[in-house]
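What the coordinates show
So the chains spell out like this:
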Amino acid sequence: MNSRNDLTNYHQLKTRPIPIMKRLARILLVFLATTLTARAQTAGDAPQPGDAGVKPQIPKAKATEFYIAPTGSDENPGTMEKPFATLENAKNVAQTLVKTSREPIRILLREGAYYLNGPLELRPENSGTAESPVTYAAYPGEPVTLSGGRRLDCHWRAYRDGIMMCELPEVKAGKLAFTQLFINRQRQALARYPNYDNSRPGKSGYILPAGQISTNMTNPQPGADDDMVYTGLGPRGILFDPATFTKKHWANPQEAAIHIFRKKYWGNLQWRIKTIDYEQHAVWFGEGGQQMGAKWIAEPSDIDSGSRFFIENIFEELDAAGEWYWDAVKGILYFMPPPGLDLRSATVEIPVLESVIRIVGTQNEPVSHLAFEGFRIAHTTSTFLDSYEVPSLSD
């Protein structure tokens, strides 16, 4: 070839596509189109998280699981088939395991009520870790109650006026006392005046006093320190209006407790009743009144004629459906059932423990990496008359 022909061929190569390159390009385009179509069809056929009835699959963190059941045994290994019986045993097993574990620990309780002999106490040594947090949980979909109480085996018989009664030998022997009653999971009202009425919470079911007992009135049952006067001295009692107060005379007023709002209604106070003076229309207070012991006010338990109140735990006031009373001397529980309640098959429960779960830690040694899920916690004793440290009550 001469140089002119070479130049002509060069220009032809630049201006005309080479047939084999066109074929290769077409093959590549067909291959890509086929691949993309196949992928689109596959994705379209598979259920997607957004499709109706399809839930997104969230991967669960691997965890070590132990099980507890009312029919279990602490001699068992704690599996679903052979569960433990108590939270205390599961707690101890978790405490040992968490020292070497690198995954979460879950303690799952199967359906039922667990009546604890003492509170589940968790201290720093019962903590989990960031890698191995410890969770106490109700088994998914199953109701679980952690109870600070116990069931009563009541053999009911009629007393009078629609009131039923059952004998409790433990009460008579001084081995059992309680301040709340639950029947079929519902808390009942301790016999009171006026009767319980929640139609207007904080207003209905209360009456108003006629004022405080004055300082010049003589206490019919004076205490050893009644002659002392000091700053922050609480009220000695209230005067009542005979037109609104009960017409019944109470045989044992010293068993009763008054629940009364502090004036201006920013707190609720309780006292044990010392006595009732029906001639002077006076309710004398015994122990109590410390519940609103604010450190930044001179009279934290001040009350006035606008302080609504009710008085509970009075046998003579057992006159409404759902009310109850227990006689500690005779060892008898009295209850007026509402219409339709069959006491023969009812579950009767009382509180025994002050708390169900206690977490005990300090700033330097805290309890950490613990969680609780899905429990109903119930049946703890009343503590409103107990002595305790005055809270700060800061806003």
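Structural data are supplied above this passage.
This text gives an overview of the structure that appears in the document. This structure is a prediction, so every number in the text was calculated from the model and none was measured.

**Side note on the pattern of salt bridges**
Following the criterion strictly, the structure yields 13 salt bridges and no others. In this structure, Glu 142 and Arg 110 form a salt bridge, with 2.7 Å as the shortest nitrogen-oxygen distance. With Glu 142 in the loop between β5 (134–138) and β6 (144–147) and Arg 110 in the loop between β2 (105–109) and β3 (112–115), this pair connects stretches of sequence that are 32 residues apart. Glu 142 gets classed as buried once you look at its relative accessible area, which sits at 19%. Notably, a salt bridge pairs Asp 319 with Lys 248, separated by 3.1 Å at the nearest N-O pair. With Asp 319 in the loop between β19 (309–312) and β20 (323–327) and Lys 248 in the loop between β15 (237–239) and β16 (257–261), this pair connects stretches of sequence that are 71 residues apart. When salt bridges with common partners are traced through the structure, they connect Glu 121, Arg 123 and Arg 358 into a single cluster.

**Quick look at the sheet that holds strand β24 (residues 370–373)**
With parallel pairing, the four strands of this open sheet are ordered in space as β1-β2-β5-β24. The strands lining the two open edges of the sheet, one partner per strand, are β1 (64–68) and β24. Averaged over all adjacent pairs, the angle separating strand axes in this sheet is 15 degrees, with direction ignored.

**Comments concerning the side chain of Thr 246**
With respect to the helices and strands, Thr 246 occurs in the loop between β15 and β16. A polar contact is formed between the side chain of Thr 246 and the side chain of Glu 317, at a distance of 2.8 Å. With near-sequence residues (within four places) excluded, Thr 246 lies in contact with Tyr 193 and Glu 317.

**Quick word on the sheet that holds strand β8 (residues 157–160)**
Read from one edge to the other, the open sheet built from five strands follows the order β8-β9-β21-β20-β12, with strand pairing classed as mixed. Both outer strands of the open sheet, β8 and β12 (189–190), are each paired with one neighbouring strand and no more. Here four bridges tie β20 to strand β21 (residues 332–335), and the two strands are oriented antiparallel to one another. Of the residues in β21, the one forming a bridge with Trp 324 is Phe 335.

**What about the pairing of strand β22 (residues 348–351)?**
Of the two faces of β22, the one holding Val 348 and Ile 350 and the one holding Glu 349 and Pro 351 are both buried throughout. Relative to β22, strand β7 (residues 149–151) runs antiparallel, the two sharing three bridges. Bridging from a neighbouring strand, Arg 151 pairs with Glu 349 of β22. Both strand β10 (residues 182–183) and β22 contribute to a ladder of two bridges, which runs antiparallel. Looking at the pairing, Phe 182 lines up with Glu 349 of β22.

**Observations regarding the pairing of strand β9 (residues 163–167)**
Pairing analysis gives three bridges linking β8 to β9, with the strands arranged antiparallel. Bridging from a neighbouring strand, Arg 160 pairs with Ile 163 of β9. Relative to β21, β9 runs antiparallel, the two sharing four bridges. Bridging across to β21, Glu 167 finds its partner in Ile 332.

Calculation rules
Residues numbered from 1 in each chain as written. Predicted model: local features only at pLDDT ≥ 70, side-chain atom pairs only at ≥ 80, totals over all residues. Heavy atoms only, no water. Salt bridge = Lys/Arg side-chain N within 4 Å of Asp/Glu carboxyl O. Helix = DSSP H or I, 4+ residues; strand = E, 2+ residues; numbered from the N terminus. Buried < 20%, exposed > 50% of the residue type's maximum accessible area, 1.4 Å probe, protein only. Pairing = 2+ DSSP bridges. Axes fitted to C-alpha atoms, helices over the stretch in contact; angles between N-to-C directions. Polar contact = N/O pair within 3.5 Å; in protein donor to acceptor, adjacent residues only side chain to side chain. Contact = heavy atoms within 4.5 Å.

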